[in-house]
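Overview (structure and organization)
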Amino acid sequence: MNVRSKLTLTIALTGLFTALGVVLALVFAYERFEHESSYYRADAFLKRVTAQHTDLLGMRERFGDEFDGFLANLVLYEADTQLYLLDPQGRVLSSTSQMPLAPDYRVNMNPVMRASSETPMPYVLGDNPESMDTRVVVAARALRPMSIAPSPAVGYLYLVTRPSTFAEGNPAALRSVLAQPFVVMILAVVALSTLLAAWLTATITRPLKRLTEAVNRIRDKGLQAPDPVQPQEAAVPWDLPDTRDADEFGQLARGIGAMLQTLRGQWTTMHQLDHFRREGVSNLSHDLQSPLTATTTCLETLDQRWAVDPSRQEDRALVAVALRNTRNASRLVHSLGDLARLDEPSFQLKKERLNLGELLDGVSMRFAERARQAHVALSVADEPAPVSASVDVQLIERAVANLVDNALKFAPPNSAVTLRVEQQTTSEGQGMALIAVRDLGPGIDPHDLPHLFDRFYQSRRRVAPATGEGGKGLGLAIVKRIAELHGGLLTVSSVPGSGTEVVLEIPAN
């Protein structure tokens, strides 16, 4: 549910509950009014009766059973009421009720005492002798003998009245109440407020929706998308809210537009600088290849000439150092050029279907002599089934070669380096080819693992000299970039003292 629907629903429910609250308040107010009017009418009736008949207890003694008829005549014009004559303990002496009462029946005297007091009250609820499980509006008057001095009550005249309440209505009465113009008007107000809430919510959330759509377009297309703050120059309008409005949405749209303009300018500058960097590194790498190749050739020629002259052995040692450093520099320059070429946005892979097990066999044969000289057992694990994938053969071969070169560099003598390939299926059902290179070297310090793929970061520098691209922190950076170009990833797991395993994971499609 979006914000617009939530706001509309919230306002509509608020209006509905408010209307229901008003209806319930009116019902309770009506019921209270009925109670109060019944109480005051009953109290006034008893006041008239006791004023006209000052000796009701004496009349009961004189007339006996005929006294009940006298009481019935008193309430003849008081509908829905019953009149009782009580003694001071609440025992019913006479009544107008047609329902026979139990002998020595008594009513609760607390409501009787409150109703007969001189303190004004809204209404009093007391016992109904005909139905003791209900509380009804009652009125009472104390009966005192005629004397000059104040005397205690010798009895009470107790009137039970039953006002008509909303809860006692039948379904027809309920439908009649619901059909009243007032209830219809309340429902009309609720419907009108709901429509007004929907219109108001749409008006408020429309600018937010347009801002959200503009931000989503930037997210999908990036900062290369048309400038949202200069639609006259853009190929596709961004449809931001009107930035000329003085309300909060206009201020927000202007702020977002200014932010996007600043970000676009910064992105353009960074893009240009990155392009200049890649182009500069590529040109520098290309320009350095020729002098480095020439220097290497000259040094190799001098080494060959001095090989037959015993007096030039010290010179040959210096030439060997210069030749090794020149070759390392040549490899580093070549790697920098390759990395710059791989970083180009226009770089395209040349994919073809390849059996990855055969590729590992080829790389293993290339490094077999070096492994033999280092006394390291280099082998390819047998895969259960052939694993193939569509890859750029030269790049994948370069990546595996970098991993094997790095493993041999850190593998101690009389240890092993193992290559294996396997196929796995992700939780989404996509097949992935895993190429793993494992060595039994000293491992990698946990502090180095987060920075292992950073360019020019030299991991395990205390184990081997910084020679070639691997020693300068470019080997794994190139492998990672190759994995990214294939839509895969590169992971490293290592335990100090137990070796290292690097896994190149690419889609097997």
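In what follows, the accompanying structure is described.

Cut-off values and rules
- Residues numbered from 1 in each chain as written.
- Predicted model: local features only at pLDDT ≥ 70, side-chain atom pairs only at ≥ 80, totals over all residues.
- Heavy atoms only, no water.
- Pairing = 2+ DSSP bridges.
- Helix = DSSP H or I, 4+ residues; strand = E, 2+ residues; numbered from the N terminus.
- Axes fitted to C-alpha atoms, helices over the stretch in contact; angles between N-to-C directions.
- Contact = heavy atoms within 4.5 Å.
- Core = buried A, V, L, I, M, F, W, Y, C linked by side-chain atoms within 4.5 Å.
- Buried < 20%, exposed > 50% of the residue type's maximum accessible area, 1.4 Å probe, protein only.
- Expected span 1.5 Å × (residues − 1).

**Considering the sheet that holds strand 9 (residues 415–425)**
- Spatially, 7-9-10-12-11 is the arrangement adopted by the five strands of the open sheet, whose pairing is mixed. Pairing within the sheet leaves two strands with one partner each, and these edge strands are strand 7 (376–380) and strand 11 (489–495). Strand-to-strand twist across the sheet, computed as the mean angle between neighbouring axes with direction ignored, equals 15°.
- Inspection of the sheet shows strand 11 paired to strand 12 (residues 499–507) by seven bridges, in the antiparallel sense. Its bridge partner lying in strand 12, L490 is registered against L504.
- Running over the sheet, helix 9 (residues 356–366) touches strand 7, strand 9 and strand 10 (431–439) and is turned about 165° from strand 9.
- Where helix 13 (residues 475–485) meets the sheet, its contacts fall on strand 11 and strand 12, and the angle it forms with strand 11 comes to roughly 135°.

**Notes on the nonpolar core**
- Formed by 45 residues in total, the largest nonpolar core has its most connected members in I396, V400, V404 and V417.
- Take this core: its biggest share by element is nine residues, from helix 11 (residues 393–410).
- Once residues lying within four places of it in the same chain are set aside, the contact partners of V404 are V363, F367, L378, L419 and V437.
- L46, L56, V75 and L86 belong to the second-largest nonpolar core, a separate cluster that totals 36 residues.

**Observations concerning helix 11**
- Compared with an ideal rise of 1.5 Å per residue, which puts 18 residues at 26 Å, helix 11 spans 26 Å between its outermost C-alpha atoms and is within 8% of the ideal.
- Of all 18 residues making up helix 11, 13 are buried, and the element is well covered by its neighbours.

**So, unusual backbone geometry**
- Despite not being glycine, H375 has its phi angle at roughly 60°, a positive value.
- Note on placement: H375 falls in the loop between helix 10 (368–373) and strand 7.
- Judged by relative accessible area, H375 falls into the exposed class, the value being 54%.
- Phi is positive for N414, close to 65°, though the residue is something other than glycine.
- Mapped onto the fold, N414 is located in the loop between helix 11 and strand 9.
- On the accessibility criterion, N414 (72% relative accessible area) is exposed.

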